[in-house]
Structure formats: C-alpha cells, structure tokens
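Coordinate inspection notes
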Amino acid sequence: MTKAFEKKGLTKKSENISDWYHDVVLRAGLAEYSDVKGCMIIKPHGYAIWEKLQSVLDGWFKEAGVQNVYFPLFIPMNLFEKEKEHVAGFSPELAVVTHAGGEELSEPIAVRPTSETVITKKFADWVQSYRDLPMVLNQWCNVVRWEKRTYPFLRTSEFLWQEGHTVHVDKADATRMVMLALGWYEKFYREHFAIAPYVGIKSNSEKFAGAEETYSVEVVIPDGKALQAATSHYLADNFTKVFNVEYSDEKEEKKLAHQTSWGISTRAIGGLILVHGDDSGLVLPPAVAPQQVVIIGIAGKEAELEEKVVSYVSELHKTLKDVGVRAVSDVDFRKTLGYRINEWELKGIPLRIEVGPKEVEAKSVTIVRRDDFSKHQMNADLLSVEVPAVLNFIQKELLKKSEEYRNALTTDILTYDEFKKVMAEQKMFIRAPWCEEADCEAKIKEETKAVTRCLELDRVEEVLSDTPCVHCGKPAIHKWLFAQGY
RNA sequence: CGGGCCGUUGUGUAACGGUAGCACGCAUGAUUUGGGAUCAUGUAGUCCGGGUUCAAAUCCCGGCGGCCCGACCA
C-alpha cells in the first residue's frame, strides 16, 4: 500500500471535519456559493452525481409504475394554509412572493417548500372511483426552505429533490407504498452510495408536518452526528379530508383516499462526501462516480516517447470504453505528474491508471486505487476484465468500511449518566430504551442535544418489559436510536 | 433570528486616513516531467449603498454574503 500524499491547503478530515467538508466541496469542483444566502451553484462534477442518483431511482420508479409529472413552483397562500399542522411546520421557512409584474399581489404566493397541497388539490379532481386508485405520481424539482443556518448540499435554501405523491384505497395499500419507497432509498444508499444507513420510524415529534407516520433513512456521519438522508410518509387522510379526495368504492360508498409522500434530495450528496472522503479529498464509489477511471500519461525524457505514450493511452482508453467503464484520459503534459494526480485524487475518481515509458515498453499498466492508495502492475491484456472487477471490489469494500464505522459509532446504553457522558465526550449514535413520551424526549434534547433519530424497523416487534426509560425511569417501550442531528 | 469572527484580482493574504503590494493561479515562451518543478514576460482587485474628510481598503451608518456558537431545521 502506498501512503497518501498531503494536499496543499486542504484541512485534514480528522482535524476539523467542518473545514474539511467546505474545502472538499470547493476543491473537488462539486459546488460553489452563489450570491443569495444559502444557495449554491452545483458544478458539473457534483451535478453528475445527482444525475446518476436520478437515473437509478427513476428507473426503479418507472419499473414500479410511478408516473412523472410537474407541478408549479408557486402555490397560492390560501392553498398552502389549508392543513394546519403542515402550515405550522413550514411557515417559518417559507419564501413568499409579494410583488410581481411591477405590482403588489392581492394574494401572496408561496414558493413551494414541498408540494402536498397543490398535488392533493388535483387528486380531488382526478380521483373519482376506486378504479382510479392507486394513483402514483412523482416529480423531480427544486424546492425552497429558508433555513436559518445553511451548509452546501446538507442544508441549502433551495435544493433539488424528488417528491413522490400517491393516493390509495386504504391504509394497507398506502403502507405498502411507503415501505416500497423506503426500500428504494435504503437500497440506493447501500448499493450505489456504498453507505450502510439505519432505517426506521420517526417519533411523533420528529415526523413530517401533517404526516401520520414518517419513516426515514439515517446516515451516521463520521463525527457521530446523524443525517436524515431520505424520508417516506404515511399521510393517512390528513390532507385528503381537507382537500376532499373522495372515491366511490365497489358498494358505491364514498371514502377518503389514503395518501403517501416520499423524497430524497441533493442533501444525499453531502452525506456521500462526509462518509467516504479522506484527507486527500473526495472518495467516490464507482457506481456513482462521474468517471470511474482516469488514465494518466507520463511523458518520457525523450520527445519521441511522448507520442508513444499518447497513442498507448488512447488505445487503453478505447479498451475501457468497450467494457463500459467511463474513462477519462489525461495526457496533458503541461502539468507535472504530481499536480495531475492530486487533482484527480481530490475529485475522488475511484481508479487511476498510470502509463509512461515503462508501461509502454512492458505492455503493462500501473493501477492505483483511490480508496486505499494501493498500487499494482497489471498486464495490459487483462485490463478489460480486471478493471471492472477491481471497481466492483472497491464498491464492496467501501460499503463494508461504512458498515464497520457505523457499528463502531453506535453504542447501546441503559443509564442516563452514560448517555450524557457519550454525548459530551464523543458524539455517537446511542441505542437506548425510551418511554416514548414527548416531554421526556424534549428534556433529553435540551440536556444532551441528542434527539431520537428512529426506531429501527427490525426492533419494532421487540417490545420491552421491565426495562426503565434511559431518562425518566418509567417503563420503556422500545430501544430507540438517539443522536445529534446535522 | 441572537452572539462572535470576517469580506481587498480567480484563490489566499498585506497596506498608520495619504502611490493598493506579495504569493498562488491564469496567459505566452523556454527548460522540465514516475507525487502540486523552474525561469522570464504579461494579466487581473478594495462586496453594495450612504456618510465623515482636502484625501477612505482603512473611520461611521445601513444592506448583502461567508464561517463558528446558539435558537430553529418534515
């Protein structure tokens, strides 16, 4: 294994993860700040990751019969205000248009923070019969939430996401949809982002404003904090009763439809950066890397060698294209070797192939893995078989590492003294018995900053007896995951 | 939204109220090239709006933006 080389001007992840994060976002060319508070310009390298996420998830959606639509960015205030909990939850962060066309508007228009209201209103027109159900729609769009404190990707004033909105005949069918969407998100994180998340149900105080139940994917960040990385909500008839989404069933009885919504946003990319990145910059899993391979040409000491290297690189480039790897060749000899290597390392390209006079001579290549910097020689004839195999291996290794550190950053605790100690000394995910009362949860948050993240799906059945709540001592019902949020 | 720090060329920084300088980058050329190489020449800047002053990057007021802490954050 070759050791990592220091990057000039890049804060070390282990020293200050916050500075490191901002440095990597900028230096890897993922995004830049814009002139409006909390907004960012997503650059090609960052946007390509988003497009990858889109194409994978959209493929799964379509297979399951989801239909894509587009609803307007603007929502009349009166529409937005119809569901009480919803408006109470979102109004503090709402952006509102008061002037347009050079005049003050008679009614202000909200910029959507989410589209339950506009879409449910149309469901009322579109759903008449049980035969119209389920209606399963999705849109890829931007939303605006005026957060007080922002970070690139993790919490921006405007962000890109996908919002699924569906209506069903009953709770059972809606719940199937909620779990299907949640499963897509979990699968995407594991298989594409190579991140092992926790998946579970949110407590009452943490659920979506207007939802009956909220399920979420929670990512453990290496500093021990939690990132809510995707959500899936069962909305029951909370919105359908307000907007009168009724259908006639087989017996000609009028019934309210049961509803779901689910989403994943550009925040996911923030999680990806934080989980896999290292002191040398970004580390991308091959499955979502804009380019999986970079071939770097090393010029020889004599001019005629340069030509040979260039033609060798283009030969290899073609071989890799033939096996479906998105390769980029880099034979720009104006920059020194070290400069070019550092650039591609910062950008997190999973595999680097170095070719110089030695490789041309031996018909071999030198391949270097980004995730562990290991370096080996390989016969060029084996490239088309070996490169996909190595990429596949890297993908699995990253998931394995992610699972290991997730487990290392999770601890089971029974006493509040230990709980406080962990949150004060080294932040972690804490799995602890809880009485499931909101007051108790609020006190824990006040005293330790930790909030409930979720009740893991595989622990819902595991009802405790004779176990006191970690905080108040009353009988606990389940073991919940607690952590400080991002 | 409260507290703190801050805003000078593409980036990082310097300048007592008095000539805006340095480094990196970028451009051109040359020498280089197995981990951010060297030299020469060139390029480009005081966040925005007011005010004080003979004179403002510098002082004052307001705004906008960034980072940290807090509150807030389905």
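Residues numbered from 1 in each chain as written. Chains lettered and ligands numbered in written order. Predicted model: local features only at pLDDT ≥ 70, side-chain atom pairs only at ≥ 80, totals over all residues.

It is worth spelling out the overall build of chain A at this point. Tallying secondary structure elements over chain A gives 14 helices and 23 strands in all. Overall size of chain A, expressed as C-alpha extent along the three principal axes, is 85 × 55 × 50 Å. In chain A, of all internal contacts separated by at least 6 residues, the share reaching a separation of at least 24 is 69%. (Helix = DSSP H or I, 4+ residues; strand = E, 2+ residues; numbered from the N terminus. Contact = placed C-beta atoms within 7 Å.)

Turning next to the sheet that holds strand β3 (residues 67-68). Adjacent strands of a sheet pair through backbone hydrogen bonds, lying either parallel or antiparallel. With respect to topology, 11 strands assemble into an open sheet ordered β3-β7-β8-β14-β11-β10-β9-β22-β23-β21-β20, the strand pairing being mixed. Edge strands, defined here as strands with exactly one partner in the open sheet, are β3 and β20 (410-412). Note: strand β22 (residues 451-456) against strand β23 (residues 478-483), three bridges, orientation antiparallel. Among the inter-strand pairings, T452 is bridged to a residue of β23, identified as F482. The sheet contacts of helix α8 (residues 267-276) involve β8 (158-168), β10 (213-220), β11 (226-236) and β14 (258-265), and relative to β11 the element is tilted by about 145 degrees. (Pairing = 2+ DSSP bridges. Axes fitted to C-alpha atoms, helices over the stretch in contact; angles between N-to-C directions.)

Next up on the list: the protein's contact with RNA strand B. Every one of the 47 residues lining RNA strand B counts as a neighbour, but K37, K148, G338, G356 and K358 are closest to it. The leading source of residues in the surface near RNA strand B is helix α10 (residues 337-346), at eight residues. For the surface near RNA strand B, the residue count by class is 16 nonpolar, 16 polar and 15 charged. (Near = placed C-beta within 6 Å. Nonpolar A, V, L, I, M, F, W, Y, C, P; charged D, E, K, R; others polar.)

The next thing to look at is helix α13 (residues 416-425). Every α-helix carries 3.6 residues per turn, so stepping three or four residues along brings you back to the same face. F419, V422 and M423 are the residues of α13 that are buried. Buried residues of α13, viewed axially, fall in a sector of 95 degrees; they line one side. α13 presents D417, A424 and E425 as exposed residues on the side facing more than 90 degrees away from its buried surface. Summarising the contacts, the buried residues of α13 are in contact with β20, β21 (429-434) and α14 (438-448). (Buried ≥ 20, exposed ≤ 12 C-beta atoms within 10 Å, placed from the backbone. Arc of directions from axis to C-beta.)

Taken in spatial order, the three strands line up as β4-β6-β5 in an open sheet, and their pairing is antiparallel. Two strands lie at the open edges of the sheet, namely β4 (74-76) and β5 (95-100), each paired on one side alone. Pairs of neighbouring strands in the sheet enclose a mean axial angle of 45 degrees, with direction left out of account. The pairing of β4 with strand β6 (residues 103-111) spans three bridges and is antiparallel. Its bridge partner lying in β6, I75 is registered against A110.

Time to look at the pairing of β23. Among the six residues in β23, five count as buried, and that is most of the element. Examined bridge by bridge, β21 and β23 share five bridges and lie antiparallel to one another. Looking across to β23, one finds that I430 is bridged to F482.

Looking now at the environment of V288. Here V288 shows up in the loop between α8 and β15 (293-297). The spatial distance from the C-alpha of V288 to the C-alpha of V460 is 32 Å, given a sequence separation of 172 residues. When sequence neighbours within four positions are dropped, the list of residues in contact with V288 reads I49, K52, L53, H192 and F193.

Core analysis: the biggest nonpolar cluster contains 124 residues, and Y185, V293, I295, L316, I353, V355 and I430 have the highest contact counts within it. In terms of residues, this core owes the most to one element, helix α6 (residues 171-191), which gives nine residues. In this structure, V293 is in contact with L320, V325, A327, L351, I353 and V387, ignoring residues within four places of it in sequence. (Core = buried A, V, L, I, M, F, W, Y, C linked by C-beta atoms within 7 Å.)

On average, residues of chain A score 93 in pLDDT, and 99% of them are at 70 or above. For this predicted complex, the interface confidence score (ipTM) comes to 0.89, while the overall pTM stands at 0.95. (pLDDT = per-residue confidence, 0-100.)

Within the fold, L414 resides in the loop between β20 and α13. For the pair formed by L414 and I341, sequence separation is 73 residues and the distance between their alpha carbons is 49 Å. Look past the residues within four positions of L414 in its chain and what remains in contact with it is A432, P433 and V470.

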